[in-house]
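Listed here are the chains, written in short residue letters.
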Amino acid sequence: MQYISSRDKNLKVSFEEAVKRGLAPNKGLFMPENYIQMDKEFISNLYGMSLQEIGYQVGKKYVGNEIPDNDFRNLCNEVLNFDIPLVKVKNNISSLELFHGPTCAFKDVGARFMARCLGYFSQKNKEKTVILVATSGDTGSAVARGFLNVPGVDVIILYPSGKVSEIQEKQLTTNGGNITALEVNGVFDDCQRLVKTAFTNFDTKGKFKLTSANSINIARLIPQSFYYYYAVSQAKNAETVICVPSGNFGNLTGGILAWKSGLPVKHFVAATNINDTVPQYVKTGIYTAKPSKQTISNAMDVGDPSNFERLNIIFNQNYKEFGETISSYSFTDEQTREKMKETYEKYGYILDPHGAVGLLGVEKYLENKNLEGIFLETAHPTKFLDVVKSVTSVTPELPETLQACMKKEKQSIKIENNYADLEKILKDRYL
């Protein structure tokens, strides 16, 4: 399998090169040259197949022989060593709980997969790698935990000051070792812009590899397809509709790749908060990037989602074709709080704000339809404790991993929203 740039299909690289580069030289995003196809036997045998086996079978199609078979199977067994259960919430709607990993968020899957792939390539080539990543919340903590103490790899995380939850900030800033947190005076889109600028402008002078662990990196995106197969295997229903709470749209893109490979999904729903760039595109056919607005579902506070570029190509830059497969709706904080409250009071299920947006989205699509629905619950409710407590009057118990980081002291470097500050840190450390 080769990988092409979203901006030039003639620019082709190996999986290893795509992972190490992160972003293509022309600022495009790497995509598989061809969409993988899973055979009918695999699809029919999904029911009862383990998540680890799904990851191995699907992942090998993308990785090929660039990671030896035994090494890759071990990698999948290590990465996917926690459950992702499908839990019935109400009548015809279930929650795919993606928060049972070490940092209690869905990004554990992608970050751990990428960490082990990049660690394998770095050790094989005996080279220094620096991960530069922007986060609106959970990406940074998952990446930090995934790469913590990985030999030959440093991680620099940029996050917007005052715009992540207390628990998220603790997870970003208390790791030490090879993990550095940069607290940016701006919003997530500013952090993302600084990262992209560094990839384009910073000259490493051949002393190290600079790459990303955002969902712009293909090694973050590919494993996010795995749990869609696992969701369908648990649902056992070909009429399933899957709703994805969406910010940077990497999670949804993973689902679309699974669907393109032959996974039977009836329809996808992209649910957003008031950052409604994509819902407006689906309505009008016009994509207009906007400054992001702060909400209680902060991991989705993205006004110009990077992975829209990939989705646009998958659907031939045709918004009608896009809308035939993906419906998209936006919801306010007030609607989100009301759904959290109602779901707890009626069904005893505690949602985090992102899961609540997902539930709102699947309910809206399923109105007057006799279909089964799944929404992705992307983070543990305790990561948004203040919101959950204020809405439900319940205090969910902190998982042990979160309890441990809350006791540690925050360590971050504050920088202004300008590239010069980031460049100086990179030069001082690595050149």
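Data block above holds the structure.
A. Focus on the overall build of the protein chain. In terms of helices and strands, the protein chain carries 19 helices and 14 strands. By the compact-globule yardstick of 22 Å for 431 residues, the protein chain fits well, its C-alpha radius of gyration being 20 Å. Projected onto its principal axes, the C-alpha coordinates of the protein chain cover approximately 60 × 50 × 45 Å. Counting every position in the protein chain, which comprises 431 residues, the buried fraction comes to 61%. At a minimum sequence separation of 6, the contacts of the protein chain that also span at least 24 residues come to 75%. As displayed, the protein chain offers around 16,500 Å² of accessible surface, 43% of which is attributable to carbon and sulfur atoms. Averaging the positions of the 50 positive and the 48 negative side-chain charges in the protein chain gives two centres separated by 3 Å.

B. Highlighting the environment of glycine 254. Note that glycine 254 resides in helix α11 (residues 250-260). You can call glycine 254 buried: its relative accessible area is 0%. C-alpha separation for the pair glycine 254 and serine 215, spaced 39 residues apart in sequence, amounts to 9.6 Å. Excluding residues that lie within four positions of it along the chain, glycine 254 makes contacts with Leu221, Gln224, Ser225 and Tyr228.

C. Structural view of the state of the cysteines. In this structure the tally under the stated criterion is 0 disulfides. Sulfur of cysteine 104: no disulfide; nearest cysteine sulfur belongs to cysteine 405 and is 8.8 Å away. Exposure remark for cysteine 104: the relative accessible area of 3% places this residue in the buried category.

D. Just unusual backbone geometry, in detail. For asparagine 91, which is not glycine, the phi dihedral falls at a positive 30°. Positionally, asparagine 91 belongs in the loop between β4 (86-90) and β5 (93-97). Non-glycine residue asparagine 316 carries a positive phi angle of around 55°. Take asparagine 316: it is sitting in the loop between α13 (308-314) and α14 (319-325). Overall, asparagine 316 belongs to the exposed group, its relative accessible area being 54%.

What counts, and at which threshold
Residues numbered from 1 in each chain as written. Predicted model: local features only at pLDDT ≥ 70, side-chain atom pairs only at ≥ 80, totals over all residues. Heavy atoms only, no water. Helix = DSSP H or I, 4+ residues; strand = E, 2+ residues; numbered from the N terminus. Rg over C-alpha atoms; globule rule 2.2 N^0.38 Å. Buried < 20%, exposed > 50% of the residue type's maximum accessible area, 1.4 Å probe, protein only. Contact = heavy atoms within 4.5 Å. Areas by Shrake-Rupley, 256 points an atom, 1.4 Å probe, with all protein chains shown as cover. Lys, Arg positive; Asp, Glu negative; His and termini not counted. Charge placed at Lys NZ, Arg CZ, Asp CG, Glu CD. Disulfide = S-S within 2.5 Å.

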